[in-house]
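Commentary on secondary and tertiary structure
Residues per chain are reported as follows:
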Amino acid sequence: MTRLFVNVDHVATIREARKILEPDPLKAALLAEKVGIDGITVHLREDRRHIQDDDVRLISQNINTKLNLEMAAIKEMVDLALELKPYQVSLVPEKRQEITTEGGLDVCSQIPELLEIQKSIKEKNILFSLFVDPDISQIDASKQAKADSIEINTGRYSELTDPKELEEELLRIREAALHATKLEMRVFAGHGLNYDNVQAIASIPEIEELNIGHFLVAQSVYVGIEKAVKMMMQIIKSAST
Ligand code: PXP
């Protein structure tokens, strides 16, 4: 079955609206884990708009599954990752004004810089992943940057409504996944996934892991995080087996 990592950033978004202690992303992570997910994802943004350094520390020390730390390719974040040693580091592009991650990393233009980060990350036995658009040249560059895995950006896929465009984007994602596998990189996917659009992604055999956040946190408001996550796991299971 395709693995599920739950992104708890937006639990912290609600907390930061009041700058108090609740809701707590660690508590949400522990509840999500009870349902049998494979890991927790957090994105420590440079502007600290949701997850804070202490959240990453506490989550890293207290969860029972694996931590996937999403971050920008900058020294401040690399230093923190080297200190906390998460299971996996996923490099994502970051723009201050964006509401959420807007696209994949431009790996092609920064291979030497990424190789330097890769070296320090791998010295600590942390998995090194790159978030990229379903673009063959970015995937080739990811291999050159010695990525263990790529996470395919499903953001565009999740926004399309025209059936023809949707089918074309899915085809791009399938081809990208196959290409990365041939280059011996593992393939993950995420961004904008929900109960309706996750099936087509989870049924791509090369895609091993999904990162899902906003929809699950939103759904938790109605039914609680355990039920929300359980339902997602059921859909992923039926699509991927
Ligand atoms: N993967 C990456 C690299 C992301 O930046 C995000 C959003 O933080 C996600 C997955 C999860 O996206 P969503 O919150 O839309 O499910």
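What you are looking at is a predicted structure, and each value in this text was computed from that prediction instead of being measured.

Next up on the list: unusual backbone geometry. Between glutamate 22 and the following residue, proline 23, the backbone shows a cis peptide bond with an omega angle of -5 degrees. Within the secondary structure layout, proline 23 lies in the loop between α1 (9-16) and α2 (25-34). Unusually for a residue other than glycine, arginine 48 sits at a positive phi of about 50 degrees. Its place among the elements puts arginine 48 in the loop between β2 (39-43) and α3 (53-62).

Turning our attention to the nonpolar core. One finds Leu130, Ile201 and Leu210 to be the most contacted residues of the largest nonpolar core, which totals 72 residues. Among the elements that make up this core, the one with the highest residue count is helix α11 (residues 225-240) (eight residues). Non-local contacts of isoleucine 201, meaning those with residues more than four positions away in its chain, are made with Thr154, Tyr157, Leu170, Ile173, Ala189, Leu193, Ile207 and Leu210.

The next thing to look at is the site of the ligand. Surrounding the ligand, one finds 14 residues, the nearest of these being Thr101, Glu151, Gly192, Gly213 and His214. Here an oxygen atom of the ligand and a backbone polar atom of histidine 214 are 2.8 Å apart. If the ligand stood free it would expose 400 Å²; the protein chains cover 95% of that surface. Placement of the ligand is best described as lying within the largest pocket.

Here strand β4 (residues 88-91) shows no split at all, with Gln88 and Ser90 on one side and Val89 and Leu91 on the other all buried. With four bridges joining them, strand β3 (residues 66-71) and β4 adopt parallel strand pairing. The residue bridging asparagine 68 from the neighbouring strand is glutamine 88, located in β4. After leaving β3, the chain enters helix α4 (residues 75-84) and then returns to the sheet as β4, a path that is right-handed. Note that β4 and strand β5 (residues 127-132) share four bridges and pair parallel. Pairing of glutamine 88 across the sheet is with leucine 127, part of β5. Taken together, β4, helix α5 (residues 111-123) and β5 form a β-α-β motif whose crossover is right-handed.

Calculation notes
Residues numbered from 1 in each chain as written. Predicted model: local features only at pLDDT ≥ 70, side-chain atom pairs only at ≥ 80, totals over all residues. Heavy atoms only, no water. Helix = DSSP H or I, 4+ residues; strand = E, 2+ residues; numbered from the N terminus. Core = buried A, V, L, I, M, F, W, Y, C linked by side-chain atoms within 4.5 Å. Buried < 20%, exposed > 50% of the residue type's maximum accessible area, 1.4 Å probe, protein only. Contact = heavy atoms within 4.5 Å. Near = heavy atom within 4 Å. Polar contact = N/O pair within 3.5 Å; in protein donor to acceptor, adjacent residues only side chain to side chain. Areas by Shrake-Rupley, 256 points an atom, 1.4 Å probe, with all protein chains shown as cover. 1 Å grid on protein atoms, 1.4 Å probe; cavity = no way out; pocket = protein on both sides within 12 Å on 5 of 7 lines; lining within 4 Å. Sits in = over half its atoms within 2 Å of the grid points. Pairing = 2+ DSSP bridges. Right-handed = clockwise from strand over helix to strand, strands pointing away.

All we've got here are geometric facts, nothing functional implied.
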